[in-house]
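Observations on the three-dimensional arrangement
Chain residues, written in single-letter form:
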Amino acid sequence: MQSVTEASDSPLTERQRDVLDAALGLLVEAGDTLTMTSVARRASCSKETLYKWFGDRDGLLTATVQWQASKVRGIPAKRDGLDLISLTSGLERFASDWLRVLSGKISVALNRIAVSHAGSDKRDLGAIVLENGPFAMARRLMPLLEVGREAGLLAFEDTEEAFRTFFGLVVRDVQIRLLLGDRFELTDVAIDGEARRATQQFFALYGAHTNGAG
């Protein structure tokens, strides 16, 4: 998922972040019925301010999804100083952040609404979550994977395939179980453990030493 600061020329102000947090809270409570009026009321601001900052309702929804997604910290895709330790640490952190966001009540609510829009005439949250969710996450992580390959740490032919494999190793069945109402909870310790496991398995598949490359 693309962060809010990636989607605009300047970072959000503290007040704008408060407004987006209010919108996220309403999405959890009210789901598809979120309106500019309800967000303005919850955030104690005017609708004119919302329109000025975010444009229409789709713009507000996009900023809201991006703000939620920005909690997954990016990793600089730089060749200088990149070694096996720093690449492993970066992938583990990315995976850990990703699982925390995906398994939270807010993301579950967002994704349930997005799924309900799939295959319908509604654009709204379905297309917004898809574009600013897995597609944007791929755009953020694939450059790092390619730098890792250039550094002789990873070996793969198709960058998108490597990303999708990492996605599957990290998420596994967690998202679908939560979407279907499973009430299990992932502790911080469990999430960090899952992130380490996924990263180790990814290196087992794509580590240069495993593939005899580099």
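Residues numbered from 1 in each chain as written. Predicted model: local features only at pLDDT ≥ 70, side-chain atom pairs only at ≥ 80, totals over all residues. Heavy atoms only, no water.

Here we come to the packing of aromatic side chains. Any two aromatic rings considered together are summarised by their centre-to-centre distance and by the angle between their planes. Per the counting criterion, the structure on display carries nine aromatic pairs. With a centroid separation of 6.4 Å and an interplanar angle of 40 degrees, the aromatic rings of Phe 163 and Phe 167 are classed as tilted. Of this pair, Phe 163 and Phe 167 both sit in helix H10 (residues 159-171), four residues apart, roughly one helical turn. In this structure, Arg 177 packs its charged tip against the face of Phe 184, placed 4.1 Å from the ring centre. (Phe/Tyr/Trp six-rings, centres within 6.5 Å; stacked < 30°, edge-to-face > 60°. Helix = DSSP H or I, 4+ residues; strand = E, 2+ residues; numbered from the N terminus. Lys NZ or Arg CZ within 6 Å of the ring centre and 35° of its normal.)

Next up on the list: the side chain of Arg 140. Along the chain, the position of Arg 140 falls in helix H9 (residues 134-150). Accessibility expressed as a relative area gives 13% for Arg 140, which makes it buried. In terms of polar contacts, Arg 140 uses its side chain to reach the backbone carbonyl oxygen of Val 72, at 2.5 Å. (Buried < 20%, exposed > 50% of the residue type's maximum accessible area, 1.4 Å probe, protein only. Polar contact = N/O pair within 3.5 Å; in protein donor to acceptor, adjacent residues only side chain to side chain.)

Moving on to a negative patch on the surface. Judged by side-chain charge, Glu 157, Asp 158, Glu 160 and Glu 161 come together as a negatively charged surface patch. Here Glu 157 lies in the loop between H9 and H10. Judged by relative accessible area, which is 82%, Glu 157 ranks as exposed. (Patch = residues over 30% accessible without salt bridge, like charges linked within 9 Å, V, L, I, M, F, W, Y side chains within 5 Å. Areas by Shrake-Rupley, 256 points an atom, 1.4 Å probe, with all protein chains shown as cover. Salt bridge = Lys/Arg side-chain N within 4 Å of Asp/Glu carboxyl O. Lys, Arg positive; Asp, Glu negative; His and termini not counted. Charge placed at Lys NZ, Arg CZ, Asp CG, Glu CD.)

With that settled, consider the confidence of the model for the protein chain. On average, residues of the protein chain carry a pLDDT of 86, and 90% of them reach 70 or more. Here residues 1-9 is a poorly scored stretch, pLDDT under 50, and it has 26 contacts once near neighbours within four places are set aside; other chains count. (pLDDT = per-residue confidence, 0-100. Contact = heavy atoms within 4.5 Å.)

For Ser 44, which is not glycine, the phi dihedral falls at a positive 55 degrees. Take Ser 44: it is sitting in the loop between helix H3 (36-43) and helix H4 (47-54).

Here we come to H10. Owing to its 3.6 residues per turn, the α-helix aligns residues three or four sequence positions apart on the same side. Taking 1.5 Å of rise per residue, the 13 residues of H10 would be expected to cover 18 Å, and the 18 Å separating its terminal C-alpha atoms lies within 8% of that figure. Restricting attention to buried positions, one finds in H10 the residues Thr 159, Ala 162, Phe 163, Phe 166, Leu 169, Val 170 and Val 171. Next to the buried residues of H10 lie helix H6 (84-103), H9, helix H11 (174-179) and helix H12 (188-206). With a side-chain oxygen positioned 2.9 Å from the backbone nitrogen of Glu 160, the residue opening H10 is Asp 158. Positioned one or two residues after H10, Arg 172 has a phi angle of 45 degrees, which is positive. (Expected span 1.5 Å × (residues − 1).)

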